[in-house]
Amino acid sequence: MRFRHPDGSIVHLSYCTNVHPAETLDGVRAQLRDHCEPVRRRLGRDRLGIGLWLARDAARALINDPAELRALRAELDSRGLEVVTLNGFPYEGFGADEVKYRVYRPDWTEPERLAHTTDLARLLAALLPDDVTEGTISTLPLAWRTPYATDPGAARTARTALTTLAQRLDALAELTGKSIWIGLEPEPGCTVETTADAIAPLTDVGHERIGICVDTCHLATSFEDPDTALDALTAAGIPVVKSQLSAALHAEHPHLPEVRTALAAFAEPRFLHQTRTRTAAGLRGTDDLDEAVAGGALPDSTPWRAHFHVPLHAPPAPPLTSTLPVLRTTLARLVGGPVPLTRHLEVETYTWQALPAELRPRTRTQLADGIAAELTLARDLLVDLGLKELP
């Protein structure tokens, strides 16, 4: 979906296809047919943006066979779909029964991460619509905090990899006329947990094509103030490459038994749900929600937030809620000013099938309805900020 900002530029809104697990090229094509096109039709739009997730095997298949890449581009066009951004964070296995810590490997100290991200940049340059010259890719925020923190050479290795990537992006732009930007995506528990953590390593890399992806669920889980975070990034000259529009799980009174019971329903075995609380001594947290719910690991006199991407339009029932207000505030700063701070927005609720059983969509139709409802909410927020939806 495209919107015209009051300054005349185009802002793109998409939804991320990592909600539809697929490791192979055939699986990606099935996503387009079974999910993405039906969502577009529900929205009544001739064109829908998707934030494509290409696992390693699917990406390599496209790199190794230019005919397959041309065919994918043609299929996107025929189904009324367009791609201006990729989710390069998960490498493979995102649809496995247990993802947890696996999603952080390979990290930016391992050559496979650089090779895969280079592949994604080449593919995105070929998949961009003819009238679009800039594409974006979100990626792992360097690494999970361990063992990175105890490896004296890790920071240097990651910096070298990102510098090499930037040089490759420069060469790609010269060759194709398409500029691809990479955004580190801060996430709780990672080396770059907050936007503030991103400033030093990105300043160290010092290249305009390497910036940050602001995920509003992660921002909220770490109790970051959106205005403070974005002001600091702007002052440091760090570009907001893209933003993922998402909402975290919020518990105002975690000491209450009924709140613990409600939270426990969201503690599930597939994904990691880092949980945080803000205290007078600073941020405290656990790696997963079940650790927090079990008691003793976190103080419970202040609100808790968990890294669980809850549907934007359907916050959990009381006594829980979501951090949608943080998304609203962040979006207003990102695109509500005289000039947008980013032009690529992506709804990223990948946890539909991880919701408590009674909240999960039971059919493709229900899932498509839910995704369309999320995009409708995001569209309405953009229009309220003065952007004009384009055909």
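Residues numbered from 1 in each chain as written. Predicted model: local features only at pLDDT ≥ 70, side-chain atom pairs only at ≥ 80, totals over all residues. Heavy atoms only, no water.

S.K.: Can you help me understand the environment of Glu-110 in this one?
M.R.: Within the fold, Glu-110 resides in the loop between β4 (81–87) and α4 (111–127). Sequence spacing of Glu-110 and Ala-154 is 44 residues, and the spatial spacing of their C-alpha atoms is 9.6 Å. Of note is the side chain of Glu-110, whose polar atom sits 2.7 Å from the side chain of Arg-105. (Helix = DSSP H or I, 4+ residues; strand = E, 2+ residues; numbered from the N terminus. Polar contact = N/O pair within 3.5 Å; in protein donor to acceptor, adjacent residues only side chain to side chain.)

S.K.: It is not clear to me how the side chain of Arg-260 should be interpreted in this structure. Could you clarify?
M.R.: As for its placement among the helices and strands, Arg-260 is situated in helix α10 (residues 257–264). A relative accessible area of 16% means that Arg-260 is categorised as buried. A polar contact is formed between the side chain of Arg-260 and the backbone oxygen of Pro-254, at a distance of 2.6 Å. Among residues more than four places away in sequence, those in contact with Arg-260 are Pro-254, Ala-292, Val-293, Gly-295, Asp-300 and Trp-304. (Buried < 20%, exposed > 50% of the residue type's maximum accessible area, 1.4 Å probe, protein only. Contact = heavy atoms within 4.5 Å.)

S.K.: Can you help me understand the nonpolar core in this one?
M.R.: Nonpolar side chains in soluble globular proteins tend to be buried together. Leu-13, Tyr-15, Ile-50, Trp-108, Ile-180 and Leu-375 are the most contacted members of the largest nonpolar core, which has 115 residues in total. Among all residues touching Tyr-15, those that are not within four sequence positions of it are His-20, His-35, Cys-36, Val-39, Leu-48, Gly-49, Ile-50, Gly-51, Glu-346, Val-347, Ile-371 and Leu-375. (Core = buried A, V, L, I, M, F, W, Y, C linked by side-chain atoms within 4.5 Å.)

S.K.: How should unusual backbone geometry be read in this particular structure?
M.R.: Residues apart from glycine generally show negative phi values, whereas peptide bonds are mostly found in trans. Note the cis peptide between Arg-105 and Pro-106, where omega equals -10°. Turning to its location among the elements, Pro-106 is positioned in the loop between β4 and α4. Omega for the peptide link from Thr-146 to Pro-147 comes to 5°, which places this bond in the cis form. Mapping Pro-147 onto the fold places it in helix α5 (residues 145–148). Phi at Lys-100 takes a positive value of approximately 45°, unusual for a residue other than glycine. Relative to the elements of secondary structure, Lys-100 occurs in the loop between β4 and α4. Taking relative accessible area as the criterion, Lys-100 reaches 12% and is therefore assigned buried. The phi dihedral of Phe-223 falls on the positive side, at around 55°, and the residue is not glycine.

S.K.: Looking at this structure, how should I read the packing of helix α1 (residues 25–43) against helix α3 (residues 66–78)?
M.R.: Helix packing for two helices is described by the angle between their axes and how far apart those axes are. Running from N to C, α1 and α3 point in directions that differ by 10°, and their axes come no closer than 11 Å. In terms of orientation, α1 and α3 fall into the roughly parallel class. Mapping the contact onto sequence places Leu-25, Val-28, Arg-29 and Leu-32 in α1 and Glu-68, Ala-71, Leu-72, Glu-75 and Leu-76 in α3. Within the contact of α1 with α3, the residues separate by chemical class into six nonpolar, no polar and three charged. (Axes fitted to C-alpha atoms, helices over the stretch in contact; angles between N-to-C directions. Parallel < 35°, antiparallel > 145°, perpendicular 65-115°, else oblique. Nonpolar A, V, L, I, M, F, W, Y, C, P; charged D, E, K, R; others polar.)

S.K.: Help me out: how do you make sense of the sheet that holds strand β13 (residues 320–322) in this one?
M.R.: Whenever strands of a sheet pair, they do so through backbone hydrogen bonds, lying parallel or antiparallel. On the basis of which strands lie adjacent, the open sheet formed by five strands has the order β11-β10-β12-β9-β13 and antiparallel pairing. The sheet is open, and its two edges are formed by β11 (282–286) and β13, each paired on a single side. Strand-to-strand twist across the sheet, computed as the mean angle between neighbouring axes with direction ignored, equals 30°. Examined bridge by bridge, strand β10 (residues 275–279) and β11 share five bridges and lie antiparallel to one another. Bridge pairing links Arg-278 to Leu-283 in β11. (Pairing = 2+ DSSP bridges.)

S.K.: How do you make sense of the pattern of salt bridges when you look at a structure like this?
M.R.: It is possible for side chains bearing opposite charge to pair when their charged atoms get close. Counted by the stated rule, this structure contains 31 salt bridges. The partner of Asp-288 in a salt bridge is Lys-100, with the nearest N and O atoms 2.5 Å apart. Of the two residues, Asp-288 is situated in the loop between β11 and α11 (289–294) and Lys-100 in the loop between β4 and α4; the sequence distance between them amounts to 188 residues. Note on accessibility: Asp-288 and Lys-100 belong to one class, buried. The partner of Asp-287 in a salt bridge is Arg-145, with the nearest N and O atoms 3.0 Å apart. Here Arg-145 lies in helix α5 and Asp-287 lies in the loop between β11 and α11, a separation of 142 residues in the sequence. Each member of the salt-bridge network shares a partner with another, and the members are Asp-26, Arg-29, Glu-37, Arg-40, Arg-41, Glu-68, Glu-75 and Arg-79. (Salt bridge = Lys/Arg side-chain N within 4 Å of Asp/Glu carboxyl O.)

S.K.: So what exactly am I meant to see when it comes to helix α9 (residues 226–236) here?
M.R.: Working note: α-helix, 3.6 residues per turn, so residues spaced by three or four point in the same direction. Along α9, the positions that sit buried rather than exposed are Pro-226, Ala-229, Leu-230 and Leu-233. Down the axis of α9, the sector holding all buried residues measures 90°, keeping them to one side. Away from its buried face by more than 90 degrees, α9 exposes Thr-228 and Ala-235. The inward-facing, buried residues of α9 abut α7 (195–205), β7 (210–215), α8 (216–221), β8 (240–245) and α12 (324–335). (Arc of directions from axis to C-beta.)

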